[in-house]
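The residues making up each chain are set out below.
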Amino acid sequence: MRIVLGIESSCDETAAALVTDGRVIVAQRIASQDEAHRPYGGVVPEIAARAHAEILTPLIEATLADAGMTLADVDAVAATAGPGLIGGVMVGLVTAKALAMAADKPLIAINHLEGHALSPRLADETLEFPYLLLLASGGHCQLLLVEGVGRFRRLATTIDDALGEAFDKTAKILGLGYPGGPAVERLAGEGDVRKVPLPRPLLGSAEPHFSFAGLKSAVLRAKQAGVHADADIAASFQQAAVDCVIDRSKRAIQAAGPVTALVVAGGVAANKSIRAALEALAADNSLRFVAPPLQLCTDNAAMIAWAGVERLGQDDPFDFAPRPRWPLDA
Ligand code: KG4
Ligand code: ZN
């Protein structure tokens, strides 16, 4: 059995996990900084970096203690090296380098997006390459053909906002606070999806990409009009988002060629309406649908440790530079 320590600090969760090559999450801890950022309605990079620096080392020690292990027991140290907020990424990567150097273990620099993209394989040992992945989070909205570890073909990306960002901005407009996705989903459950006419940007377009900026602006106008119930705005927004996601995913299924499954990952995969619609789309196309458990969908370190397991044998140099931008198919 081999075991990897994973570290995640690219946004507003500080996380550490120990994952085996047998797909067992031996221990994991996540410290959310939601409370620290809530007054600002979004993640403040400077506050995030400072919090990561304060929390990360004790969090790693606690994770090892939970497992009854020391660094000597791990086979590699894997950390998110980008993309993300540079301050947080630096804290995680520097800590990983120090631990790997001190314990004489290989360092594995992980692309955060690859962590999300491979996480479904941690949850489901039968998931084989190639699969079509919708990766939808606060910073990203992409359709990727995942052909193997480190082998991705980007079929679509957003030309403006990410889907999670659209949820977060809608939450802000409706005064629901931060983080927005779960709050919008909750309120949408009490509203009518047909009450507020909202645009579906790029629906039916031959262009493969996503766009959510126009939808967000329309939500703002609907709110400012003052005639709609917030729950109806939330429900109508969520339905428009679902319609866009399904239309774009349909196109990607056609463009991808043969795949083993339609897979969803990233924080937005927690959304039940989006999951259900994707599941139906997969069934219509005789594809398996795979969605990791919710705690693997939002940012976590188990997915980083798992990507490290998939990359065991790699040993990155200690001068590996953090990459605030790091496209998956580059
Ligand atoms: O993957 P993630 O934890 O962090 C990033 O790498 O961005 O994704 C967080 C994003 C946020 O925009 C959040 O609002 C969204 O995922 N999200 C949701 C839901 N839960 C989280 N969006 C819609 N519905 C949800 N239930
Ligand atoms: Zn993420």
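Residues numbered from 1 in each chain as written. Chains lettered and ligands numbered in written order. Predicted model: local features only at pLDDT ≥ 70, side-chain atom pairs only at ≥ 80, totals over all residues.

## Observations regarding the UniProt feature "binding site: substrate" (unreviewed entry) in the chain
Okay, so step 1: Under the feature "binding site: substrate" (unreviewed entry), the UniProt entry names Leu135, Ala136, Ser137, Gly138, Gly139, Asp168, Gly181, Glu185 and Asn271.
Okay, so step 2: Counting through the fold element by element, Asp168 comes out in helix 5 (residues 163-173).
Okay, so step 3: Among the residues examined, Asp168 registers 26 C-beta atoms within 10 Å and is labelled buried.
Okay, so step 4: Each residue touching Asp168, except ones within four places of it in the same chain, is listed here: Gly138, Tyr178, Pro179, Gly180 and Gly181.
Okay, so step 5: Locating Asn271 in the fold gives a position in the loop between strand 9 (261-265) and helix 9 (272-284).
Okay, so step 6: We classify Asn271 as buried; it has 27 C-beta atoms within 10 Å.
Okay, so step 7: When residues no more than four places from it in sequence are discounted, the contact partners of Asn271 are Gly181 and Glu185. (UniProt positions renumbered as here; feature names shortened; annotations may be inferred. Helix = DSSP H or I, 4+ residues; strand = E, 2+ residues; numbered from the N terminus. Buried ≥ 20, exposed ≤ 12 C-beta atoms within 10 Å, placed from the backbone. Contact = placed C-beta atoms within 7 Å.)

## Side note on the packing of helix 8 (residues 230-256) against helix 9
Okay, so step 1: Viewed as axis vectors pointing N to C, helix 8 and helix 9 meet at an angle of 30°, and their least axial separation amounts to 10 Å. Between helix 8 and helix 9, the interaxial angle falls into the category roughly parallel. Crossing of helix 8 against helix 9: the hand is right-handed. Contacts between helix 8 and helix 9 involve Gln238, Val242, Val245, Ile246, Ser249 and Lys250 on the former and, on the latter, Ser273, Ile274, Ala277, Leu278 and Leu281.
Okay, so step 2: Tallied by class, residues from the contact of helix 8 with helix 9 come to 7 nonpolar, 3 polar and 1 charged. (Axes fitted to C-alpha atoms, helices over the stretch in contact; angles between N-to-C directions. Parallel < 35°, antiparallel > 145°, perpendicular 65-115°, else oblique. Left-handed = near helix turned anticlockwise from the far one by under 90°. Nonpolar A, V, L, I, M, F, W, Y, C, P; charged D, E, K, R; others polar.)

## Focus: the domain arrangement of the chain
Okay, so step 1: Per the domain assignment, the segments of the chain are domain 1 (3-117 + 297-310) and domain 2 (128-291).
Okay, so step 2: In this structure, domain 1 and domain 2 have C-alpha centres spaced 27 Å apart.
Okay, so step 3: Listed as interface residues are 12 residues of domain 1 and, on the opposing side, 17 residues of domain 2.
Okay, so step 4: Among the elements of the structure, helix 1 (34-37) and helix 4 (112-123) are those that each provide at least two residues to the side of domain 1 that touches domain 2.
Okay, so step 5: With 3 residues, the top contributor of residues to the side of domain 1 that touches domain 2 is helix 4.
Okay, so step 6: Residue composition of the side of domain 1 that touches domain 2, grouped by class: 3 nonpolar, 5 polar and 4 charged. (Domains from an automatic or database assignment.)

## A few points about the site of ligand 1
Okay, so step 1: Close to ligand 1 lie 20 residues; Gly138, Gly164, Gly181, Gly267 and Asn271 are nearest.
Okay, so step 2: Counting residues per element, the ones that place at least two in the shell around ligand 1 are helix 5 and helix 6 (180-188).
Okay, so step 3: For the shell around ligand 1, the per-class residue count stands at 6 nonpolar, 10 polar and 4 charged.
Okay, so step 4: When residues of the shell around ligand 1 are assigned to domains, at least three fall in each of domain 1 (3-117 + 297-310) and domain 2 (128-291). (Near = placed C-beta within 6 Å.)

## Thoughts on the UniProt feature "binding site: Fe cation" (unreviewed entry) in the chain
Okay, so step 1: The UniProt record marks His112, His116 and Asp299 with the feature "binding site: Fe cation" (unreviewed entry), using the residue numbering of this structure. Judged by maximum C-alpha separation, these annotated positions cover 188 residues in sequence but sit close together in space, the widest gap being only 8.9 Å.
Okay, so step 2: Its place among the elements puts His112 in helix 4.
Okay, so step 3: We classify His112 as buried; it has 29 C-beta atoms within 10 Å.
Okay, so step 4: With residues up to four places along the chain from it excluded, the contact list for His112 reads Ser10, Thr80, Gly82, Pro83 and Gly84.
Okay, so step 5: Tracing the backbone shows Asp299 in the loop between helix 10 (294-297) and helix 11 (302-310).
Okay, so step 6: For Asp299, a count of 26 C-beta atoms within 10 Å puts it in the buried group.
Okay, so step 7: Once you skip the residues sitting within four places of it in the chain, Asp299 turns out to touch Glu8, Cys11, Glu13, Ala15 and Gly267.

## Some details on the sheet that holds strand 4 (residues 76-82)
Okay, so step 1: Spatially, 5 strands are ordered 3-2-1-4-5 in an open sheet, and the strand pairing comes out mixed. Edge positions in the sheet fall to strand 3 (25-32) and strand 5 (107-111), since each has one partner strand and no second. Within this sheet the neighbouring strands show an average axis-to-axis angle of 20°, counted without direction.
Okay, so step 2: Of the strand pairs in this sheet, strand 1 (residues 3-8) and strand 2 (residues 13-20) are connected by 6 bridges, and their pairing is antiparallel. Note on strand 2: the bridge partner recorded for Val4 is Val19.
Okay, so step 3: This element, helix 2 (residues 45-66), spans strand 1, strand 2 and strand 3 of the sheet and lies at about 25° to strand 2.
Okay, so step 4: On top of the sheet, helix 3 (residues 86-103) reaches strand 1, strand 4 and strand 5; it is set at about 160° to strand 4, its chief contact. (Pairing = 2+ DSSP bridges.)

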